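Okay, here's what each chain looks like letter by letter:
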Amino acid sequence: MRRRPTGGRVPHPRLTLAIAVLEAIATLAFAISGFIEARKNRLDSVGTFVVALATAFGGGTLRDILLERRPFYWVVHDDYVIAIFVLALFAPFVLRMLSRLSAERLLLIADAIGLGIFSISGTSIALDAEMPRFIAVMMGVITGVVGGIIRDVLCNDIPLILRDSRPYATCAFVGCWFYLLLVWLQFDSVYSVLLATGFILAARLATFKFDVRLPH
Amino acid sequence: MRRRPTGGRVPHPRLTLAIAVLEAIATLAFAISGFIEARKNRLDSVGTFVVALATAFGGGTLRDILLERRPFYWVVHDDYVIAIFVLALFAPFVLRMLSRLSAERLLLIADAIGLGIFSISGTSIALDAEMPRFIAVMMGVITGVVGGIIRDVLCNDIPLILRDSRPYATCAFVGCWFYLLLVWLQFDSVYSVLLATGFILAARLATFKFDVRLPH
Amino acid sequence: MRRRPTGGRVPHPRLTLAIAVLEAIATLAFAISGFIEARKNRLDSVGTFVVALATAFGGGTLRDILLERRPFYWVVHDDYVIAIFVLALFAPFVLRMLSRLSAERLLLIADAIGLGIFSISGTSIALDAEMPRFIAVMMGVITGVVGGIIRDVLCNDIPLILRDSRPYATCAFVGCWFYLLLVWLQFDSVYSVLLATGFILAARLATFKFDVRLPH
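Residues numbered from 1 in each chain as written. Chains lettered and ligands numbered in written order. Predicted model: local features only at pLDDT ≥ 70, side-chain atom pairs only at ≥ 80, totals over all residues. Heavy atoms only, no water.

Engineer: Could you give an account of helix α5 (residues 91-98) of chain C, with specific residues and numbers?
Structural biologist: All names here are of chain C. For α5, the full list of buried residues reads A91, V94 and L95. In a view along the axis of α5, the buried residues occupy a sector of 95°, so they form one face of it. Facing away from the buried side of α5 by more than 90 degrees, the exposed set consists of R96 and M97. Buried residues belonging to α5 abut α1 (13-40), α2 (45-67) and α4 (78-89). (Buried < 20%, exposed > 50% of the residue type's maximum accessible area, 1.4 Å probe, protein only. Helix = DSSP H or I, 4+ residues; strand = E, 2+ residues; numbered from the N terminus. Arc of directions from axis to C-beta. Contact = heavy atoms within 4.5 Å.)

Structure representation (structure tokens):
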């Protein structure tokens, strides 16, 4: 498998590790959001697995196709694919364990975690590939948003990005610019990623808490 | 056009031929399923052609993008594209010829043939590209399932994979593992493909015959 | 970034310029059609931006993935992405300026402009990549049609290609063959592009004017 030579910004090993850990968390969060949607639609285990897989890896795969990065994340981490498969078999139990929260609320939180992490990791990877700034931000937003859109389209549901009148892509968009600001200030790379990810998550959750709605 | 050097498992010329013949059959079967859906939606000839084309080549194209295989199947076999175009012009007659069966039943059978063949050929090609086993199975399921999903999304219909409460992706999934078992047993490669393809087709048709439904 | 060596037909610099100018116009037209759909769905500014972006660049990006052309149009022309972003912020004003026409009529015209230009530029680029003729025409139709389909799927609307009983893909299809005829006659390359683009636009608008409907 061919690997792209790394661009101008050499990624730091600690940064690479931090992004890997965060992506594992985001993958799990998006997979869970896939379980919830699949259950609403009464899919069987394999159907649940397919939806969870598409949600968890859809955004990152599109990003990698656009940036010509190979091998794909899920080809390297096939253990994650197997883990999601095992979880899918036990999805009803997994969801029951988590269901002190209502399903809709759990969906929103899991989705927010995935959105935050994938947006920032997408931006970071696009910067490494020497994309212009505005394009890097768009790559981040696409990476964060596409998994959820595929989930909702597969389940024949109106995408959350449209269904929800609270800011969604806007949170990711502002957070990605915040990340670029931290990078430009030469802030420590790992803390930049964590801070910007936390920013998107906090912003998205705050929109529920305070019922923020953007003007049309 | 760049071609990937073949991976560890050297594909046998007889295997390559067998897969080529099966893929021609599957392409036709999926194209016919596209005609049926397009007709339900009262599309004109070119619209019918577009839907049939997307159904017939959608799964294989996504597989080739994911595996970085070029040139695409439909670029090499542009005679198939032309054949589908000619059939699309005569789609009403083609469908009438086939319509001793009801349209819905014909759709299910054509879809099952395409599902079986593309799932196994997808798995086989992914193995040749040295993918890990679980990933190869997922590639097979994706190749088999995506054409039909695109067809149904284009026609604004709920995807068959969701609409049908009988096992769908599950048949493909089990069949692909059955194929891996045969490969692992070093069974003759052509018979492995034929057996596993027949298994998926038989399993899918049996779910109608005996009205098998998976538990949720 | 790797660039494909140019194929048999060496693209003429004047042709390249003409296509670049036309693509800028088509990008704007499709972006405006995205604004209109986004407004119907009462999206916020960033949502509007995402829909406009996917509409404007969706078809060309799929074409470039299929033909392995890099870098993408929107990576090179990131100024266009920024321009669409700025327009999205002022979308209500932009639409009001244009709204001497009704929204539905404006949508149809903007869509027809994008359809015509992207179909011909797609065919032209596929010919440069030495695709067979029929495939080049299909690439053109795909490039012209996909942006609008993504727009409508994102906005949970029935795709215009299905909603509208007047010929849509058919106009693009005939226009692309007309373009191939002009190329075959060795007609001046720039005029060929302009004539064929004008043909599609005129044909599509004529279907409204004279209420042409294809037989089913």
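Don't stop here, the text continues.
Engineer: Account for the interface of chain C and chain B, naming residues and giving values.
Structural biologist: Taken together, the contacts link 23 residues of chain C with 22 residues of chain B. Approximately 2,100 Å² of surface area, both sides summed, lies buried where chain C meets chain B, with 75% of it carried by carbon and sulfur atoms. Counting across the interface, chain C meets chain B through one salt bridge. Residues R70 of chain B and E68 of chain C are paired through a salt bridge, measuring 3.6 Å at the closest nitrogen-oxygen approach. (Buried area = accessible area lost by both parts, 1.4 Å probe. Salt bridge = Lys/Arg side-chain N within 4 Å of Asp/Glu carboxyl O.)

Engineer: Pulling in residues and values, what's your account of the interface of chain C and chain A?
Structural biologist: Interfaces are often sized by the accessible area lost when the parts come together. Between chain C and chain A, the residue contacts involve 22 residues of the former and 23 residues of the latter. Taken together, the two surfaces of chain C and chain A that pack against each other cover about 2,100 Å², and 75% of this comes from carbon and sulfur. The interface formed by chain C and chain A includes one salt bridge. Counting every contact that joins chain C to chain A gives one residue pair in polar contact (both at pLDDT 80 or more). Every element with two or more residues in the side of chain C that touches chain A is listed here: α2, α3 (73-76) and α4 of chain C. When the residues that make up the side of chain C that touches chain A are grouped by side-chain class, the tally is 15 nonpolar, two polar and five charged. (Polar contact = N/O pair within 3.5 Å; in protein donor to acceptor, adjacent residues only side chain to side chain. Nonpolar A, V, L, I, M, F, W, Y, C, P; charged D, E, K, R; others polar.)

Engineer: Please set out the pattern of salt bridges residue by residue, giving values where relevant.
Structural biologist: Scanning the model with the defined rule gives 25 salt bridges over all chains in all. In this structure, the salt-bridge partner of R151 of chain A is D152 of chain A, at a minimum N-O distance of 3.0 Å. The buried category is assigned to R151 of chain A, whose relative accessible area is 0%. Two residues, D64 of chain C and R63 of chain C, come together in a salt bridge whose shortest N-O distance is 3.1 Å. Through salt bridges with shared partners, a single network forms among E23, R63, D64 and R69 of chain A.

Engineer: Could you give an account of the confidence of the model for chain A, naming the residues involved and the relevant values?
Structural biologist: All names here are of chain A. The share of residues in chain A with pLDDT of 70 or more is 91%, and the mean pLDDT across the chain is 84. Within chain A, the element-level pLDDT minimum falls on helix α8 (residues 160-163), averaging 72, and the maximum on helix α9 (residues 169-184), averaging 93. Here residues 1-8 is a poorly scored stretch, pLDDT under 50, and it has 21 contacts once near neighbours within four places are set aside; other chains count. (pLDDT = per-residue confidence, 0-100.)

Engineer: I'd like a description of the nonpolar core, backed by residues and values.
Structural biologist: Grouped together as the largest cluster of nonpolar side chains are 205 residues, with contacts concentrated most on F49 of chain A, F49 of chain B together with F49 of chain C. Top contributing element to this core by residue count: helix α2 (residues 45-67) of chain B, with twelve residues. (Core = buried A, V, L, I, M, F, W, Y, C linked by side-chain atoms within 4.5 Å.)

Engineer: Which residues make up the environment of G34 of chain A, and what are the values?
Structural biologist: All names here are of chain A. Topologically, G34 is positioned in helix α1 (residues 13-40). Here the alpha-carbon distance between G34 and D44, two residues ten residues apart in the chain, equals 13 Å. If near-sequence neighbours (up to four positions away) are discounted, G34 is found in contact with V51, A52, T55 and R151.

Engineer: Which residues make up the packing of helix α6 (residues 103-128) of chain C against helix α10 (residues 189-209) of chain C, and what values go with them?
Structural biologist: All names here are of chain C. Where α6 meets α10, the axes come as close as 8 Å, and the angle between the chain directions of the two elements is 145°. The chirality of how α6 crosses α10 is right-handed. Residues L108, I109, A112, I113, L115, G116, I117, S119 and I120 of α6 pack against V193, A196, T197, I200, L201, R204, L205 and F208 of α10. Residues that form the contact of α6 with α10 fall into these classes: 13 nonpolar, three polar and one charged. (Axes fitted to C-alpha atoms, helices over the stretch in contact; angles between N-to-C directions. Left-handed = near helix turned anticlockwise from the far one by under 90°.)

Engineer: Give a detailed account of the relation of the copies chain C and chain A, specifying residues and quantitative values.
Structural biologist: The two copies are related by a screw motion: chain C maps onto chain A through a turn of 120° and a shift of 0.0 Å along the axis, at an RMSD of 0.0 Å. Classification of the inter-copy transformation places it as that of a three-fold axis. Counting the interface residues of chain C, we find that no more than 9% of their copies in chain A are interface residues as well, pointing to two distinct contact surfaces. (Least-squares fit on C-alpha atoms with pLDDT ≥ 70 in both.)

Engineer: Describe the environment of P159 of chain A, and please don't skip the residues or the numbers.
Structural biologist: The topology assignment puts P159 of chain A in the loop between α7 (133-154) and α8. Put simply, P159 of chain A and S33 of chain A are 126 residues apart on the chain and 13 Å apart in space, counted from C-alpha to C-alpha. Leave out the neighbours within four places in its chain, and P159 of chain A touches I149, D152 and V153 of chain A together with L154 of chain C.

Engineer: Talk me through empty space enclosed by the protein; I want residue IDs and the actual numbers.
Structural biologist: By the definition in use, this model includes ten cavities of 30 Å³ or more. Around the second largest cavity sit ten residues that line it, and E68 and R70 of chain A, R70 of chain B together with E68 and R70 of chain C are the ones nearest its centre. Residues of the lining of the second largest cavity, tallied by class, amount to three nonpolar, no polar and seven charged. (1 Å grid on protein atoms, 1.4 Å probe; cavity = no way out; pocket = protein on both sides within 12 Å on 5 of 7 lines; lining within 4 Å. Points joined across faces, edges and corners; volume = space filled by probe spheres on them.)

Engineer: Run through a nonpolar patch on the surface, naming residues and quoting values.
Structural biologist: Residues and elements named next belong to chain A. A surface patch of nonpolar side chains, about 750 Å² in accessible area, is lined by L181, W184, L185, F187, Y191, L194 and L195. When residues of the nonpolar patch are traced back to their parent elements, those giving at least two are α9 and α10 (189-209). Within the secondary structure layout, L181 lies in helix α9. (Patch = residues over 30% accessible without salt bridge, like charges linked within 9 Å, V, L, I, M, F, W, Y side chains within 5 Å. Areas by Shrake-Rupley, 256 points an atom, 1.4 Å probe, with all protein chains shown as cover.)

Engineer: Please set out the relation of the copies chain C and chain B residue by residue, giving values where relevant.
Structural biologist: It takes a turn of 120° to lay chain C on chain B, together with a shift of 0.0 Å along the axis; the resulting RMSD is 0.0 Å. Here only 9% of the interface residues in chain C have copies in chain B that are interface residues too; the copies meet through unlike faces.

Engineer: I'd love a proper account of the UniProt feature "transmembrane region" (unreviewed entry) in chain A, names of residues and values included.
Structural biologist: Residue and element names in this part refer to chain A. UniProt's feature table lists "transmembrane region" (unreviewed entry) at residues 15-36, 43-60, 80-99, 106-127, 133-154, 166-184 and 190-207, given in the numbering used throughout. Secondary structure across residues 106-127 comprises 100% helix and 0% strand; the distance between its end C-alpha atoms is 32 Å. Annotated as residues 133-154, this span is 100% helix and 0% strand, and its ends, taken at the C-alpha atoms, are 32 Å apart. (UniProt positions renumbered as here; feature names shortened; annotations may be inferred.)

Engineer: Quick one: what's the story with unusual backbone geometry, residue by residue and with numbers?
Structural biologist: Residue R70 of chain B is joined to P71 of chain B through a cis peptide bond whose omega torsion reads -5°. Topologically, P71 of chain B is positioned in the loop between α2 and α3 (73-76). Here Q186 of chain B, not a glycine, exhibits a phi torsion of approximately 55°, which is positive. Here Q186 of chain B falls in the exposed class, since its relative accessible area comes to 73%. Of note in this structure, E68 of chain C is not a glycine but carries a positive phi near 55°.

Engineer: Could you give me a rundown of the packing of aromatic side chains, with the residues and numbers involved?
Structural biologist: The way to describe two aromatic rings as a pair is by their centre distance and the angle between their planes. On inspection of all chains with the given rule, the structure shows 42 aromatic pairs over all chains. Judged by centre distance (6.3 Å) and plane angle (75°), the rings of F49 of chain B and F173 of chain C are edge-to-face. Separated into two different chains, F49 of chain B in helix α2 and F173 of chain C in helix α9 (residues 169-184) make up a pair that spans both. Of the two residues, F49 of chain B and F173 of chain C, both sit in the buried class. Members of the aromatic cluster, joined through ring pairs, are F49 and F85 of chain A together with F134, F173 and W177 of chain B. (Phe/Tyr/Trp six-rings, centres within 6.5 Å; stacked < 30°, edge-to-face > 60°.)

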